[in-house]
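Geometric and topological summary
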Amino acid sequence: MSEFNKTPRLVLLPAVDVAGGKAVRLTKGEAGTETNYGDPIDAAVDWADQGAEWIHLVDLDAAFGRGSNGGILKKAIRQVRGRVNIELSGGIRDDESLEHALAIGAKRINLGTAALENPEWAASVIAQYGEAIAVGLDVRGTTLAARGWTKDGGDLWQVMDRLEEAGAARYVVTDVTKDGTLQGPNLELLRQVMDRTHRPVVASGGISNLDDIAALRELVPLGLEGAIVGKALYAGAFTLPEALDVASH
Ligand SMILES: O=C(O)c1ccccc1N[C@@H]1O[C@H](COP(=O)(O)O)[C@@H](O)[C@H]1O
């Protein structure tokens, strides 16, 4: 196949979710389901060493509104600066937290709760920062989830209409019921979201094996730009180099 008709690669974003100063994975985002994977700075450096181009870095305590891992996130970003782009999320809900996130070196901010609860502010920062703002659409069925995924945040399609109007640059779509379960991504949900936008979409939740990555890569022509990989990498289901290979061939 020539370079011209090859499917473009799928960008993979290893996740580093931080709670209580540790890299953890949750099941379906539920507090108390943490599996501990050690030092988040080591994890970030490890993914950078293994070829990650992006890391999806999450302050879970900030997302749940119960604390902050700000110092650790800053150190992690500093350690991989110049090698890896950081997509930062969790608790970024006002000018101060957004400006701080950008100041410590995040290339992209993922807004969850704020995009649901504060539409005017979300529209204003989407207009101001453009590509630096992604919106996280964290859903159960077609109901969005906010505040550490503990509160309903409205209807996915209605909120998407508003975000499209606001000019959101990119969506990060998480099926909360799949996240951390190793049950495979929700391909149908991704297709439905991509049907409603021309903006790039990043998939999150459920990847369990290399076949899932191959299936997601098939969606690249429909608008899927990337996929966040969490538990499968930490559990050793495959290595990041193996996944990057599947994502690009
Ligand atoms: O990633 C998780 O497991 C997770 C679990 C529970 C809540 C949030 C989680 N992840 C990230 O947090 C943002 C939302 O943060 P906020 O609502 O803007 O404060 C979400 O998009 C995920 O990236």
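Look above for the structure.
Small disclaimer: the values here were computed from a predicted structure and weren't measured. (Residues numbered from 1 in each chain as written. Predicted model: local features only at pLDDT ≥ 70, side-chain atom pairs only at ≥ 80, totals over all residues. Heavy atoms only, no water.)

Observations regarding the site of the ligand
Filter applied, for reference: Here, proximity means that at least one heavy atom of the residue falls within 4 Å of the molecule or strand. For the purposes of these results, a polar contact is taken to be a pair of N or O atoms within 3.5 Å, where, inside protein, one atom must be able to donate a hydrogen and its partner to accept one; residues adjacent in sequence count only when each atom of the pair is a side-chain atom. Residue-level accessible areas treat just the shown protein chains as cover; the underlying method is Shrake-Rupley with a 1.4 Å probe. A cavity here means a set of 1 Å grid points, computed over protein atoms only, where a 1.4 Å probe fits but cannot escape. A pocket is an open set with protein on both sides within 12 Å along at least 5 of 7 lines, and lining residues have an atom within 4 Å of a point. Being in a pocket or cavity means that more than half of the molecule's atoms lie within 2 Å of its grid points. Each helix is a run of DSSP H or I of at least 4 residues and each strand a run of E of at least 2, with the numbering of both proceeding from the N terminus.
Around the ligand lies a shell of 19 residues, among which Ser89, Gly91, Arg93, Gly112 and Thr113 are the nearest. Contact distances for the ligand include 3.0 Å between an oxygen atom and a side-chain N or O atom of Asp138. When the free accessible area of the ligand is taken as 510 Å², the share hidden by the protein chains comes to 97%. A molecule is said to occupy a pocket when more than half its atoms come within 2 Å of that pocket's grid points, and by this definition the ligand occupies the largest cavity. Only β4 (54–59) and α2 (60–64) provide two or more residues apiece to the shell around the ligand.

Side note on the pattern of salt bridges
Using the following cut-off: Each reported salt bridge corresponds to a side-chain nitrogen of Lys or Arg within 4 Å of a carboxyl oxygen of Asp or Glu. For every residue, the accessible area (1.4 Å probe, protein chains only) is compared with the maximum for its type, and the residue is labelled buried under 20%, exposed over 50%, or partly exposed between those bounds.
All told, the structure shown has 10 salt bridges when counted by the stated rule. Residue Arg66 is joined to Asp61 by a salt bridge in which the shortest nitrogen-to-oxygen separation is 2.6 Å. The exposure class assigned to Arg66 is partly exposed, which follows from its relative accessible area of 41%. Owing to a relative accessible area of 10%, Asp61 belongs among the buried residues under this scheme. Of the charged contacts, one joins Arg170 and Glu131 as a salt bridge, the two residues approaching to 2.9 Å between their closest N and O atoms. Within this pair, whereas Arg170 is found in the loop between α7 (156–166) and β10 (171–175), its partner Glu131 is found in the loop between α6 (119–129) and β7 (133–140), the two being separated by 39 residues in sequence.

Considering the environment of Ala132
For clarity, the threshold we go by: Whether two residues are in contact is decided by their heavy atoms: any pair within 4.5 Å suffices.
Summarising the element assignment, Ala132 is placed in the loop between α6 and β7. Setting aside chain neighbours within four positions, we find Ala132 in contact with Leu102, Lys107, Arg108 and Ile109.

Section: the environment of Glu164
Along the chain, Glu164 falls in helix α7. Once residues within four sequence positions are removed from consideration, Glu164 is found in contact with Tyr171, Arg196, Thr197, His198 and Arg199. Reaching out from Glu164, the side chain makes a polar contact with the side chain of Tyr171 at a distance of 2.6 Å.

Section: the packing of helix α4 (residues 95–103) against α6
For clarity, the threshold we go by: Inter-axis angles, ranging from 0 to 180 degrees, are taken between N-to-C directions of lines fitted to C-alpha atoms, where helices are fitted over the stretch in contact. Any angle that falls under 35 degrees is termed roughly parallel, while one over 145 is termed roughly antiparallel, one within 65 to 115 roughly perpendicular, and all others oblique. Left-handed is the label given to a crossing in which the near helix is rotated counterclockwise from the far helix by less than a right angle, and right-handed is the label when the rotation is clockwise. We call Asp, Glu, Lys and Arg charged. Ala, Val, Leu, Ile, Met, Phe, Trp, Tyr, Cys and Pro are nonpolar, and the rest, Gly among them, are polar.
For the pair α4 and α6, the least separation of the axes is 12 Å and the interaxial angle reads 30 degrees. With respect to their mutual orientation, α4 and α6 come out roughly parallel. Pair α4 / α6 crosses with right-handed handedness. Contacts between α4 and α6 involve Asp95, Leu98, Glu99 and Leu102 from the first element and Trp121, Val125 and Tyr129 from the second. Taken together, the residues of the contact of α4 with α6 sort by class into 5 nonpolar, no polar and 2 charged.

Some points on the packing of aromatic side chains
Short version of the rule: Two rings belonging to Phe, Tyr or Trp (six-membered ring only in the last case) form a pair when the distance between their centres is within 6.5 Å. Interplanar angles under 30 degrees mark stacking, angles over 60 mark edge-to-face geometry, and anything in between is tilted. Two conditions define a charge located above a ring, namely a distance within 6 Å from the ring centre to NZ of Lys or CZ of Arg, and an angle within 35 degrees of the ring normal.
Summed over the entire model, instances satisfying the criterion amount to 2 aromatic pairs. Centroid distance Tyr37 to Tyr234: 4.9 Å. Interplanar angle 40 degrees. Geometry classified as tilted. Separated by 197 residues along the polypeptide, Tyr37 in the loop between β3 (35–36) and α1 (40–49) and Tyr234 in helix α10 (residues 231–234) bring together distant segments of the chain. According to the relative accessible area criterion, Tyr234 is buried, its value standing at 17%. Consider the rings of Trp47 and Tyr234, whose centres lie 5.3 Å apart with planes at 90 degrees: the pair is edge-to-face. You can see Trp47 sitting in helix α1 and its partner Tyr234 sitting in helix α10, a full 187 residues away along the chain. The same class applies to Trp47 as to Tyr234, namely buried. Three or more aromatic residues joined by ring pairs make a cluster, and in this case those are Tyr37, Trp47 and Tyr234. Over the ring of Trp54 we find Arg108; its NZ or CZ atom is 4.1 Å from the centre of that ring. Residue placement shows Arg196 over the ring face of Trp157; its charged tip is 4.2 Å from the ring centre.

Focus on the side chain of Ser208
By the element assignment, Ser208 lies in the loop between β11 (201–204) and α9 (210–217). Here the side chain of Ser208 touches Asn209 through a polar contact of 3.5 Å, side chain to side chain.

Details of the layout of surface pockets
The test is simple: Grid points are joined across faces, edges and corners, and a volume is the space filled by probe spheres set on the points.
Space inside the largest pocket adds up to approximately 210 Å³. Along its surface, the largest pocket is lined by 15 residues, and Asp59, Ser68, Gly70, Gly90 and His100 are the ones closest to its centre. By residue number, the principal contributor to the lining of the largest pocket is α4, which donates 3 residues. A breakdown of the residues in the lining of the largest pocket according to their chemical character gives 6 nonpolar, 8 polar and 1 charged.

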